[in-house]
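# What the coordinates show
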Amino acid sequence: MRRLLFLNGIKAFEAAARGGSFAAAGSELNVSPAAISRMVHLLEQRLGAALFERKANRLVMTQAGRAYQSGLTPIFDALASLTAQVTASAGVRVLTIGVGPTFAMRWLIPRLADFRLEEPGIDVRITTGGAAAPFGDDWSCGITLGDGEWPGLAAEPLFAADLMPVCAPRLARELKRPGDLKGSSLLRVAHATEDWPSWLKAAGIARTSARGTEFQFYGQALQAAVDGLGIAMGIRPYIDDDLAAGRLVAPFALSVPKGMRWYLVYRGFQSEQRDFIAFRRWIIRAAASPAARGKAGGKLHRHAG
């Protein structure tokens, strides 16, 4: 027989540990902060160990609390996933992917038809994700840009995030060398202020600064480049399909690492879920496809100046 201690108290503690306060846990579990506090106190009595230090304005987990929470959260995540599978409509297999809008539009969605051919029984759902979004409770996995370190999550590299300027073919004809770039024509992305300075420094023209139209997302800046508004800083793999199709060209051969990579991110228990296993196998193969890289590379060097 399993010895299960006071499940309400365990839920209250895990929510408070994750949310950082009894108030946050109460909001999540739809009870008062005082009720959360009482349940956690009873749990501590039954465990014979303090899980929190109660400070004046905050909670601080003890060593025992940190150890307990690090094991509990994956268990609750796995339970939620299992429950979702059992209660889903008969025959419906759902895979929810958290991904940023530009990655979804520029790389993932154009390739999902291939995955559908391989796995017609899986209902793929795309939800808002990206580097700034927390990993959602209902996600099967996420695709995000970072350093590979997400506490409590597994991360597998998919792509290097290399930077290179891209523009419409008619603008490329006017760019023979990096010194031909004019600051007013360099399109910017609000959350990636370091991209242009990094590339311009590597190109030896650090005195030039980007002063063109600013956009919220890479996808907007890249569409503006396709339409001839200016030169965007392209990031792999966002630009690969446009380079292959000739909608954009890379006027210079120089590419600069962004210092981060794209990762497939997921909770450890997902590695045993058959639908995720199928998607993981497919996306790793698609990311490594030499055909896509070869087409993009051909366009790059054909227009290099």
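This text gives an overview of the structure that appears in the document. (Residues numbered from 1 in each chain as written. Predicted model: local features only at pLDDT ≥ 70, side-chain atom pairs only at ≥ 80, totals over all residues. Heavy atoms only, no water.)

This part takes up the overall build of the protein chain. Scanning the protein chain from N- to C-terminus turns up 11 helices and 10 strands. Here the protein chain holds 305 residues, and the buried ones make up 44% of them. Of the roughly 16,100 Å² of accessible surface on the protein chain, 53% is carried by carbon and sulfur atoms. (Helix = DSSP H or I, 4+ residues; strand = E, 2+ residues; numbered from the N terminus. Buried < 20%, exposed > 50% of the residue type's maximum accessible area, 1.4 Å probe, protein only. Areas by Shrake-Rupley, 256 points an atom, 1.4 Å probe, with all protein chains shown as cover.)

Inspection of every chain in the model, using the stated rule, returns one cavity of 30 Å³ or more. In this structure, the largest cavity is lined by Leu187, Arg188, Val189, Ala192, Asp195, Trp196, Tyr218 and Met233. Put simply, the parts of the chain that give the lining of the largest cavity at least two residues each are strand E7 (188-189) and helix H7 (195-202). Taken together, the residues of the lining of the largest cavity break down into six nonpolar, no polar and two charged. (1 Å grid on protein atoms, 1.4 Å probe; cavity = no way out; pocket = protein on both sides within 12 Å on 5 of 7 lines; lining within 4 Å. Points joined across faces, edges and corners; volume = space filled by probe spheres on them. Nonpolar A, V, L, I, M, F, W, Y, C, P; charged D, E, K, R; others polar.)

With that settled, consider the pattern of salt bridges. In the structure shown here, the tally under the stated rule is 15 salt bridges. Here Glu14 makes a salt bridge to Arg18, at a shortest N to O gap of 2.9 Å. Residue Glu14 and its partner Arg18 are both found in helix H1 (residues 7-19); the two are separated by four residues, about one turn of the helix. Taking relative accessible area as the criterion, Arg18 reaches 39% and is therefore assigned partly exposed. The shortest N-O distance in the salt bridge between Arg280 and Glu156 comes to 2.5 Å. Here Arg280 is found in helix H10 (residues 274-287), whereas its partner Glu156 is found in strand E6 (residues 154-166), with 124 residues between them in sequence. Arg280 gets classed as partly exposed once you look at its relative accessible area, which sits at 31%. Judged by its relative accessible area of 16%, Glu156 is buried. Within the structure, one salt-bridge network assembled from shared partners comprises Glu14, Arg18 and Glu28. (Salt bridge = Lys/Arg side-chain N within 4 Å of Asp/Glu carboxyl O.)

It is the contact of H1 with helix H3 (residues 33-47), at a shortest axis distance of 8 Å, that shows an interaxial angle of 115°. Judged by the inter-axis angle, H1 sits roughly perpendicular to H3. The crossing of H1 and H3 is left-handed. Between H1, through Asn8, Gly9, Ile10, Ala12, Phe13 and Ala16, and H3, the contact on the second element is made entirely by Ile36, Met39, Val40 and Leu43. Class assignment of the residues belonging to the contact of H1 with H3 gives a composition of eight nonpolar, two polar and no charged. (Axes fitted to C-alpha atoms, helices over the stretch in contact; angles between N-to-C directions. Parallel < 35°, antiparallel > 145°, perpendicular 65-115°, else oblique. Left-handed = near helix turned anticlockwise from the far one by under 90°. Contact = heavy atoms within 4.5 Å.)

This brings us to unusual backbone geometry. Pro237 follows Arg236 through a cis peptide bond whose omega is 5°. Inspection of the secondary structure puts Pro237 in the loop between strand E9 (232-235) and helix H9 (240-245). Unlike most non-glycine residues, Asn30 shows phi in positive territory, near 65°. Here Asn30 is to be found in the loop between helix H2 (22-29) and H3. According to the relative accessible area criterion, Asn30 is exposed, its value standing at 71%.

A surface patch of nonpolar side chains, amounting to about 280 Å² of accessible area, comprises Met105, Ile109 and Ile126. Structurally, Ile126 can be placed in strand E4 (residues 122-128). (Patch = residues over 30% accessible without salt bridge, like charges linked within 9 Å, V, L, I, M, F, W, Y side chains within 5 Å.)

Each strand in a sheet pairs with another by means of backbone hydrogen bonds, the pair being arranged parallel or else antiparallel. Taken together, six strands build an open sheet; the order of strands is E4-E3-E5-E10-E6-E9 and the sheet is mixed. The open sheet has two edge strands, E4 and E9, and neither has a second partner. Pairs of neighbouring strands in the sheet enclose a mean axial angle of 25°, with direction left out of account. Along the sheet face, helix H5 (residues 101-118) touches strand E3 (93-99), E4, strand E5 (141-146), E6 and strand E10 (256-266) and points at about 180° away from the line of E4. The sheet contacts of helix H8 (residues 218-226) involve E6, E9 and E10, and relative to E9 the element is tilted by about 120°. (Pairing = 2+ DSSP bridges.)

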